[in-house]
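Architecture and fold: a report
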Amino acid sequence: MTDLPGLDWTRSRDFRTAPLAATGVKATEWIALGRALAAGRFALLGLWGETDAVCLALHDADARAVAVARLAGVHDGFPSIGARHAPAQRLERAAADLYGYELHGAEDRRPWLDHGHWDIAHPLGKPTPHAGPAPYAFLPVAGESLHQVPVGPVHAGIIEPGHFRFTAQGETVVRLEQRLGYVHKGIDRLMQGATLERGAELAGRTSGDSTVAYAFAFAQAAEAALSVAVPPRALYLRGLMAELERLANHLGDIGAICNDAAFAMMLAQTGALREQVLRVAGSVFGHRFMRDRIVPGGVTVDLDTGGAAEIQALIQMLRARFPALVELYDNTPSLLDRTVATGRLDPGLAHRFAAGGYVGRASGRDFDARRDLRYAPYDSLRLEVPVRTDGDINARIWIRIREVEQSCSLITQILNALPPGPVRAPVSPAGGPRSGLGLVEGFRGDILVWLALDAQGTIARCHMRDPSWFQWPLLEAAIEGDIIADFPLCNKSFNCSYSGQDL
Amino acid sequence: MLRFLLDGLIRAPMTEPAPEPGQAARDELGAALARAVRTRLGRSLSIRAVDAGSCNGCELEIHALSNPFYDLERFGLHFVASPRHADVLLVTGPVTRNMAEALRRTFDATPAPKWVIAVGECAKDGGCFAGSYAIAGGVAAVLPVDLHIPGCPPAPLALLDGLLALVERQGAGSGPG
């Protein structure tokens, strides 16, 4: 590690309020960073391509600081980080698809987002006419009595599209291989040259269930890049929306996981609670998912006393009704029989992949961006982060249960401490190129937004990294040795985003 | 467990008591829809949802149709797991180039008579993703569309409303797509 570059490590209170620039590194230093990642020195936050360059975002958990390394002069390709640190593989393959870069030394150079159906290849690099689809080589499997079950992209449920290739011996899954990219919409390129307003619109439509969290992270990045002072009331209202979104998703997930174990009553019960959260959000903020309510500079809608009372009543109702459902879950042996010890994710893997959200926290990774890379309003609120080490479906349900309770507490705290004042500040260009980082704890995990703006304040590059990038590969590991019939249950307990990953 | 079952028996159904203005419209809508479906297809309409590139927002609201507040199945409408069992394809999202083929095959696997409903702003013309190298267009760029339900995403009631509009139009004489 002698070549480890001196990066511009920045603590959260600094990168949250001021621009963050990437530190230029040499190829040898780039490789050293890959080794440091593999050695567990840092956690990988993101990896993305730029014109003639590639960037790596890192998190130093001990120092509670982040840094962005930038390897410039990348014309044909760059040394693979994925060859040294597996969690980078899919991010690299995506960057290679979009920019046409070779991954030097990589074991897996198969395309990831590019299925061969676009008119052009390398849409963000030097676009060339596309040669058309080529067969996708799934990983080879060898052994006795193995059979393969291809599933998707169109699934049986009302869910997003993706392909799962199961190799099974009898009922037991010996390997799952995912192929994603079906809902790739080209958001990275749509962002280029867009105004901040349009960028916020696209960010809020990257993963529908996390529309608040994405808009929040995008606004953070823009405000940091342009050093905008956001009114305190707006920051509290953002926290309020983010917690309502977390509540709605966790309530929906808890029921949906149980439903996949054929315990339909839980879905009916938590589905009703979720609907009531969405109705209050719709009534108070004018949209059930609170889409387009967070914009760079603040929020577009204020909360009046009637709205605050509605939310208070909602939290009272949840506090009265949720505990009985938790008790029901905990006292139903036939349900626990399906969730306990199934889909176990090894804590070592969760750490290595820096898995965020309930996936990481159910497998011992004690990280929550709201606490560890603090941002407003959470820097002045009390938050307990639940962590377990059992790593099975049951653990992922319990993390959600505890987080529902925490969200109720946070919402009450926010309503009690909501400062008066304006909810939106003007946002003006900096007069020169600026970049900034946004990092928000969505319900699924930490969402990273890297935003580079030009002198006029239009978007030069925006890369959004969904938590699912580091969770999807772990699902492949978690299902190994379980039976195919447990996959829907296990998949739901991860509830990774397709659209957020495919972009 | 027994407590919840007992509760369900004793307590008034969730679909009834909500006093907000939408409730009356919903019941009226549901009853009219049930009549139309019955004329055309007996007592039921099987719906297959296909995500052709959506952000997943529309799926969440389609899901909500099955919660106790909307309880879609009371009208004889239900979601099926295979296009081979479906009367209606509910297609969401701008159609991505990576999903266009799968969407076509899903349509081909659906037996006639069949209808296609495009759900959400993106499904109309690609929405905010229109013009991207990765987008084929709205649903109509790939399949014959019978009805579009606007919204980003459309609320559950708007979805129910759309299903009614479709079935009534078909019932009035125009042939299936």
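Residues numbered from 1 in each chain as written. Chains lettered and ligands numbered in written order. Predicted model: local features only at pLDDT ≥ 70, side-chain atom pairs only at ≥ 80, totals over all residues. Heavy atoms only, no water.

**Examining the interface of chain B and chain A**
Contact residues are listed per partner, giving 49 residues for chain B and 56 residues for chain A. Between chain B and chain A lies a buried interface of about 4100 Å² when both sides are counted; carbon and sulfur atoms form 62% of it. Among the residues chain B hides against chain A, the three largest losses belong to Phe4, Asn98 and Tyr133 of chain B. Together they make up 21% of the total. At the boundary of chain B and chain A, one finds two salt bridges. Aspartate 119 of chain A is the salt-bridge partner of arginine 97 of chain B, the closest N and O atoms lying 3.6 Å from each other. (Contact = heavy atoms within 4.5 Å. Buried area = accessible area lost by both parts, 1.4 Å probe. Salt bridge = Lys/Arg side-chain N within 4 Å of Asp/Glu carboxyl O.)

**Details of the sheet that holds strand E7 (residues 147–149) of chain B**
Residue and element names in this part refer to chain B. Taken in spatial order, the five strands make up an open sheet running E2-E1-E3-E5-E7, and their pairing is parallel. Every interior strand has two partners, whereas the edge strands, strand E2 (77–79) and E7, have only one. If you compare each strand with its neighbour and ignore which way they point, the axes differ by 30° on average. Alignment of strand E1 (residues 45–51) against strand E3 (residues 88–92), held across five bridges, turns out to be parallel. Bridging from a neighbouring strand, alanine 49 pairs with leucine 90 of E3. Each of E1, E2, E3 and strand E5 (115–119) is contacted by helix H3 (residues 57–64), which is oriented at about 140° to E3, the strand it contacts most. (Pairing = 2+ DSSP bridges. Helix = DSSP H or I, 4+ residues; strand = E, 2+ residues; numbered from the N terminus. Axes fitted to C-alpha atoms, helices over the stretch in contact; angles between N-to-C directions.)

**Here we look at the side chain of glutamine 413 of chain A**
Residues and elements named next belong to chain A. Tracing the sequence through the fold places glutamine 413 in helix H14 (residues 393–417). A distance of 2.8 Å separates the side chain of glutamine 413 from the backbone nitrogen of arginine 382, its partner in a polar contact. Glutamine 413 has contacts with Leu381 and Arg382, leaving out every residue within four places of it along the chain. (Polar contact = N/O pair within 3.5 Å; in protein donor to acceptor, adjacent residues only side chain to side chain.)

**A few points about helix H8 (residues 264–285) of chain A**
Side chains three or four residues apart in an α-helix point the same way, a direct result of the helix having 3.6 residues per turn. For H8 of chain A, spanning 22 residues, the distance from its first C-alpha to its last is 31 Å, which sits close to the expected 32 Å at 1.5 Å a residue. Trailing H8 of chain A by a residue or two, glycine 286 of chain A shows a phi angle of about 85°, which is positive. (Expected span 1.5 Å × (residues − 1).)

**Let's talk about the layout of surface pockets**
Residue and element names in this part refer to chain A. Taken as a whole, the second largest pocket holds about 600 Å³ of empty space. In this structure, the second largest pocket is lined by 25 residues; those nearest its centre are Gln89, Arg90, Leu139, Pro473 and Glu476. Counting only elements with at least two residues in the lining of the second largest pocket, the list comes to helix H3 (89–99), strand E12 (172–179), helix H11 (347–352) and helix H15 (472–478). If one sorts the elements of the lining of the second largest pocket by residue count, E12 sits on top with five residues. Its residues placed into classes, the lining of the second largest pocket shows 13 nonpolar, two polar and ten charged. Residue assignment places the lining of the second largest pocket across two domains, with domain 1 (10–113) and domain 2 (206–467) each supplying three or more. (1 Å grid on protein atoms, 1.4 Å probe; cavity = no way out; pocket = protein on both sides within 12 Å on 5 of 7 lines; lining within 4 Å. Points joined across faces, edges and corners; volume = space filled by probe spheres on them. Nonpolar A, V, L, I, M, F, W, Y, C, P; charged D, E, K, R; others polar. Domains from an automatic or database assignment.)

**What about the domain arrangement of chain A?**
All names here are of chain A. Partitioning chain A into domains gives domain 1 (10–113) and domain 2 (206–467). The C-alpha-based centres of domain 1 and domain 2 are spaced at 26 Å. In this assembly, 28 residues from domain 1 lie in contact with 25 residues from domain 2. Counting each side, the surface lost to burial between domain 1 and domain 2 is near 2100 Å², with a carbon and sulfur contribution of 61%.

**Comments concerning the packing of aromatic side chains**
All names here are of chain A. Summed over the entire model, instances satisfying the criterion amount to 16 aromatic pairs over all chains. Considering the side-chain rings of tryptophan 30 and phenylalanine 78, the 6.1 Å spacing of their centres and the 85° angle between planes classify their relative orientation as edge-to-face. Placement of tryptophan 30 in helix H2 (residues 27–38) and of phenylalanine 78 in strand E6 (residues 77–79) is noted, with a sequence separation of 48 residues between them. Assessed through its relative accessible area of 0%, tryptophan 30 is described here as buried. (Phe/Tyr/Trp six-rings, centres within 6.5 Å; stacked < 30°, edge-to-face > 60°. Buried < 20%, exposed > 50% of the residue type's maximum accessible area, 1.4 Å probe, protein only.)

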